[in-house]
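Topology and contacts: notes
These are the residues of each chain, in order.
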Amino acid sequence: SQTIHQWPATLVQPVGSPLSLECTVEGTSNPNLYWYRQAAGRGLQLLFYSVGIGQISSEVPQNLSASRPQDRQFILSSKKLLLSDSGFYLCAWSVLGGYTFGSGTRLTVV
Amino acid sequence: RKEVEQDPGPFNVPEGATVAFNCTYSNSASQSFFWYRQDCRKEPKLLMSVYSSGNEDGRFTAQLNRASQYISLLIRDSKLSDSATYLCVVNWGGGADGLTFGKGTHLIIQP
C-alpha cells in the first residue's frame, strides 16, 4: 500500500536559522510530489511541485526552496527562516489524479 | 486568477440536522472538484470527489453546477464526529500543477 512519511511533526526555530523538512513516499513509483503551506487563518497554498527527479516548479516567490534527489523523496529547505515562514507544512503525492497528504509539520519561527 | 471561495463559518448545527455548504470557483475551465475534510491540527483527507451528475456517499451528497460555477456539500443526519473544517478543492487543468483549496468552512455539530 502507498504511504507518505513526513517529519518532524513540530518544529520551533529561531529567525535566521536554516530549515530542512523531508518527505518520503512508499509503495508507488514516479509520483507527482507537492509542498503546501497552511498559515493561520488562511487556506492551503501550493509552494512547490515536482513531476520527477530534479524537476521542481515553484508557485510563489519566497525564501524557500525544494529539491527532489530521489524519486520518492522531496525536501523543503530554507537558508534563513523568517517569522512569516511559520505555518503548517504539508507534503502530498499524486498518482493518476488522487492526492494524499502527509501528516504535516507545524513550524513556529520565533 | 485562480480562486476558490467558501463561507468560513462557523456553522453551528444541532446533532441530527441537515447542513449544506456552497463553494464558488473562478475558472470555468476547471477539470475536477473535491471536498476534503480537515480536523483540527491534522492533514486534509479526501471526503469525496464531485461529479457532474452529482454523487452521494452515505449521508453526504455533492453537487456540481458548472453554469454557475459552484459546488455544494450536503450532510444529512449530522453527527458530532462531523465537526471539522470542510475544504472545497479544485483541479484547474487536470495536470501536475496541484490542487487549489478554498479556506474552508468550519462546522460545529452541537449535542
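A brief report on the enclosed structure follows.

Basis of the calculations
Residues numbered from 1 in each chain as written. Chains lettered and ligands numbered in written order. Predicted model: local features only at pLDDT ≥ 70, side-chain atom pairs only at ≥ 80, totals over all residues. Heavy atoms only, no water. Helix = DSSP H or I, 4+ residues; strand = E, 2+ residues; numbered from the N terminus. Rg over C-alpha atoms; globule rule 2.2 N^0.38 Å. Buried < 20%, exposed > 50% of the residue type's maximum accessible area, 1.4 Å probe, protein only. Contact = heavy atoms within 4.5 Å. Areas by Shrake-Rupley, 256 points an atom, 1.4 Å probe, with all protein chains shown as cover. Pairing = 2+ DSSP bridges. Axes fitted to C-alpha atoms, helices over the stretch in contact; angles between N-to-C directions. Buried area = accessible area lost by both parts, 1.4 Å probe. Salt bridge = Lys/Arg side-chain N within 4 Å of Asp/Glu carboxyl O. Polar contact = N/O pair within 3.5 Å; in protein donor to acceptor, adjacent residues only side chain to side chain. Nonpolar A, V, L, I, M, F, W, Y, C, P; charged D, E, K, R; others polar. Disulfide = S-S within 2.5 Å.

**Comments concerning the overall build of chain A**
For chain A, the helix and strand inventory stands at zero helices and 11 strands. Counting helices and strands in the order they occur from the N terminus, chain A gives β-β-β-β-β-β-β-β-β-β-β. In terms of C-alpha radius of gyration, chain A reaches 13 Å, essentially the compact-globule figure of 13 Å for 110 residues. For chain A, with 110 residues in total, the buried portion stands at 47%. By sequence separation, contacts in chain A at least 24 residues apart represent 54% of the contacts at least 6 residues apart. Carbon and sulfur atoms provide 53% of the accessible area of chain A, an area that totals close to 5100 Å².

**Topic: the sheet that holds strand β1 (residues 3–7) of chain A**
Residues and elements named next belong to chain A. Taken in spatial order, the four strands line up as β1-β3-β8-β7 in an open sheet, and their pairing is antiparallel. Each edge of the sheet is formed by a strand with only one pairing partner; in this case those strands are β1 and β7 (64–70). Within this sheet the neighbouring strands show an average axis-to-axis angle of 15 degrees, counted without direction. In terms of strand pairing, β7 meets strand β8 (residues 73–78) through five bridges, oriented antiparallel. In the strand pairing of β8, Ser 67 is matched with Ile 75.

**A closer look at the interface of chain A and chain B**
Every contact between the two is made by 19 residues of chain A and, on the other side, 17 residues of chain B. Together, the buried faces of chain A and chain B total about 1400 Å²; carbon and sulfur atoms form 58% of this surface. Taken together, the connections running from chain A to chain B amount to zero salt bridges. Scanning the region where chain A abuts chain B turns up three residue pairs in polar contact (both at pLDDT 80 or more). Mapped by element, the contributors of at least two residues to the side of chain A that touches chain B are β4 (32–38), β5 (44–52), β9 (87–95) and β10 (98–101) of chain A. Along the lines of polarity and charge, the residues of the side of chain A that touches chain B split into 10 nonpolar, seven polar and two charged.

**A word on the environment of Tyr 89 of chain A**
All names here are of chain A. When you line up the elements, Tyr 89 lands in strand β9. Overall, Tyr 89 belongs to the buried group, its relative accessible area being 0%. A C-alpha to C-alpha distance of 4.5 Å links Tyr 89 and Arg 37, two positions 52 residues apart in sequence. Within the structure, Tyr 89 has its side chain in polar contact with the backbone oxygen of Asp 85 (distance 2.5 Å).

**Remarks on the side chain of Asp 82 of chain B**
Mapped onto the elements, Asp 82 of chain B comes out in the loop between β8 (70–75) and β9 (84–91). Judged by relative accessible area, Asp 82 of chain B falls into the buried class, the value being 3%.

**A short note on the state of the cysteines**
What the rule picks out here adds up to two disulfides over all chains. Between Cys 23 of chain A and Cys 91 of chain A runs a disulfide, and the two sulfur atoms are separated by 1.9 Å. Here Cys 23 of chain A and Cys 91 of chain A share a disulfide; its torsion about the S-S bond, -70 degrees, makes the bridge left-handed. Placement of Cys 23 of chain A in strand β3 (residues 19–26) and of Cys 91 of chain A in strand β9 is noted, with a sequence separation of 68 residues between them. By relative accessible area, Cys 23 of chain A is classed as buried at 1%. Linked covalently through their sulfurs, Cys 23 of chain B and Cys 88 of chain B form a disulfide whose S-S length is 1.9 Å.

These results come straight from atomic positions and should not be treated as a statement about function.
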